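Survey of secondary and tertiary structure
Below are the chains, spelled out letter by letter.
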Amino acid sequence: MLHPDQRYIDALVNNDTIVLHELYQKYSGKIKWLVLKNSGTASDAADIFQEALLSIYNKAKTQAFILTCPLDAFLYLVCKNKWMNELSKRKSPRVTIDDVAVYNLGEDPIKQVEELILNEQRNDLLNKKIAELGENCRQLLRLSWTGKPMEEVANILNVSYGYVRKKKCECMAKLTAMIKQSDQFNSLKW
């Protein structure tokens, strides 16, 4: 069932500055408290809050995202997961997050947060490996992923249609192998 806080998601998608200002006023303090309490700075909190909103925006923009719980709880879980990931990257030993029973959201919102974080991590790995490909492969794959017909891609690259098809398969195979060889591959449940 659609939660009344869906209006904040809609405000993100539609860049409604009035409602977005309300969102910042209403929720950023709790995120700041979370990060400050757990070895972070005010700047870290602002970054985590922005990253969370961007993640939610991207999910809402690319999928039919329906908020089924209070935004407060959902945003807190997204930020908490993002901050925990950041702390693990920094290898910080002082983590005191103790809020397991604070929100009873049911399984669906928690699953949505986990899926959101997992998809972001997958995209990060994919982008990292794309950057490691040669320029020709990067250009070919990016052009082919825009939805252009392969004939048009071949014309843009000034090569034959057959070459583009063969090269795309080779580039995709190389990218796939690079991703599968990554230390992160198994943890991302691909």
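Further up the page is the structure itself.
Residues numbered from 1 in each chain as written. Predicted model: local features only at pLDDT ≥ 70, side-chain atom pairs only at ≥ 80, totals over all residues. Heavy atoms only, no water.

**Here we look at the packing of helix α6 (residues 135–144) against helix α8 (residues 161–181)**
At a minimum axis distance of 10 Å, the contact between α6 and α8 shows a crossing angle of 105°. Overall, the two elements α6 and α8 adopt an arrangement that is roughly perpendicular. Together, Cys137, Leu140, Leu141 and Ser144 of α6 and Val164, Lys167, Lys168, Cys171, Met172 and Leu175 of α8 make up the contact between the two elements. (Axes fitted to C-alpha atoms, helices over the stretch in contact; angles between N-to-C directions. Helix = DSSP H or I, 4+ residues; strand = E, 2+ residues; numbered from the N terminus. Parallel < 35°, antiparallel > 145°, perpendicular 65-115°, else oblique. Contact = heavy atoms within 4.5 Å.)

**Quick notes on the pattern of salt bridges**
One pass over the full model with this rule turns up 6 salt bridges. For Arg7, the salt bridge goes to Glu22, with nearest N and O atoms at 2.3 Å. In this pair, Arg7 is assigned in helix α1 (residues 6–14) and Glu22 in helix α2 (residues 17–37), connecting sequence segments 15 residues apart. When its relative accessible area of 31% is taken as the criterion, Glu22 is described as partly exposed. (Salt bridge = Lys/Arg side-chain N within 4 Å of Asp/Glu carboxyl O. Buried < 20%, exposed > 50% of the residue type's maximum accessible area, 1.4 Å probe, protein only.)

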